[in-house]
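Chain and residue survey
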Amino acid sequence: QVTLVESGGGLVQAGGSLRLSCAASGRIFSSHAMAWLRQTRGKERELVAAIDYRGDITHYAESVKGRFTISRNNINDTVRLQMNDLKPEDTAVYYCAFRSRLGFGVGSLDEYDYWGQGTQVTVSS
């Protein structure tokens, strides 16, 4: 079992920045890939960014490349998502996610089997 707690969401104007943080507990954090997912009402959950267990490999959705940066700290078991140049279409509930399967790389969306409660990000135009 793993517990994930997100923080850092909020309301921001288009072009602004937010940083999301996720604190993990309950499993050996440093052995597992982590990701940020997002979901808007009526749409499927989307993998926004992912990072491998060592922090060497990252993956981003095309829509956020160059604007978002995922990072992790394996000392204090946290993962962050720095979001710059935010756009109204980035509005969503953002979830921190954990991949329980061990292995290299970042995997695919369906491999992330633990999620936090989510934090709302709203970008006004």
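Residues numbered from 1 in each chain as written. Predicted model: local features only at pLDDT ≥ 70, side-chain atom pairs only at ≥ 80, totals over all residues. Heavy atoms only, no water.

Overview of the state of the cysteines
Selection rule: Pairs of cysteine sulfur atoms within 2.5 Å are identified as disulfides in what follows. Starting at the N terminus, helices and strands are each numbered in turn, a helix being any DSSP run of H or I of at least four residues and a strand any DSSP run of E of at least two. For each residue, the accessible area found with a 1.4 Å probe, counting protein chains only, is set against the maximum for its type, and the residue is called buried under 20%, exposed over 50%, and partly exposed in between.
Applying the stated criterion to the full structure yields one disulfide. The disulfide partner of Cys 22 is Cys 96, and the gap between their sulfur atoms is 2.1 Å. Here Cys 22 and Cys 96 share a disulfide; its torsion about the S-S bond, -75°, makes the bridge left-handed. Of this pair, Cys 22 sits in strand 3 (residues 18-25) while Cys 96 is found in strand 9 (residues 92-98), placing the two residues 74 residues apart along the sequence. Judged by its relative accessible area of 1%, Cys 22 is buried.

Observations regarding the pattern of salt bridges
The condition that has to hold: We count a salt bridge whenever a side-chain nitrogen from Lys or Arg sits within 4 Å of a carboxyl oxygen from Asp or Glu.
Enumeration over the complete set of coordinates arrives at seven salt bridges. Between Asp 90 and Arg 67 there is a salt bridge, with its nearest N and O atoms 2.8 Å apart. Of this pair, Asp 90 sits in the loop between strand 8 (78-83) and strand 9 while Arg 67 sits in the loop between strand 6 (58-60) and strand 7 (68-73), placing them 23 residues apart in sequence. Taking the relative accessible area as the measure of exposure, Arg 67 reaches 8% and is therefore buried. Notably, a salt bridge pairs Glu 111 with Arg 101, separated by 2.8 Å at the nearest N-O pair. Here Glu 111, found in the loop between strand 9 and strand 10 (114-115), pairs with Arg 101, found in the loop between strand 9 and strand 10; they are ten residues apart in sequence, far enough to count as distant. The exposure class assigned to Arg 101 is partly exposed, which follows from its relative accessible area of 45%.

Here we look at the nonpolar core
Put simply, the rule is: Within this scheme, the nonpolar core is defined by two criteria: the residues are buried Ala, Val, Leu, Ile, Met, Phe, Trp, Tyr or Cys, and they are joined through side-chain atoms within 4.5 Å. Contact between two residues is taken to exist if any of their heavy atoms lie within 4.5 Å; hydrogens are not considered.
Trp 36, Val 79, Leu 81, Met 83 and Tyr 94 are the most contacted members of the largest nonpolar core, which totals 28 residues. Among the secondary structure elements, those contributing two or more residues to this core are strand 3, strand 4 (34-39), strand 5 (46-51), strand 7, strand 8, strand 9 and strand 11 (119-124). Not counting residues up to four positions away in its chain, the partners in contact with Val 79 are Leu 20, Ser 21, Cys 22, Phe 29, Met 34, Trp 36, Ile 51, Ile 70, Ser 71, Arg 72 and Cys 96. Counting residues in hydrophobic clusters, the runner-up holds nine residues, among them Ala 33, Tyr 95, Val 106 and Tyr 112.

Some words on the packing of aromatic side chains
To be explicit about the condition: Ring pairs are drawn from Phe, Tyr and Trp, using the six-membered ring of Trp, whenever the two centres fall within 6.5 Å, and their geometry is named by plane angle: stacked under 30 degrees, edge-to-face over 60, tilted for the rest. Here, over-ring charges are defined by two tests on the NZ atom of lysine or the CZ atom of arginine: distance to the ring centre within 6 Å, and angle to the ring normal within 35 degrees.
This structure, assessed with the given rule, holds two aromatic pairs. Here Tyr 53 and Phe 104 contribute two aromatic rings whose centre-to-centre distance is 6.4 Å and whose plane-to-plane angle is 55°, an arrangement assigned as tilted. Taken as a pair, Tyr 53 in the loop between strand 5 and strand 6 and Phe 104 in the loop between strand 9 and strand 10 lie far apart in primary sequence, 51 residues in all. For Tyr 53, a relative accessible area of 23% translates into the label partly exposed. We note Arg 45 situated over the ring of Tyr 95; from NZ or CZ to the ring centre the distance is 4.1 Å. A cation sits over an aromatic face here: Arg 45 above Trp 115, 4.6 Å from the ring centre.

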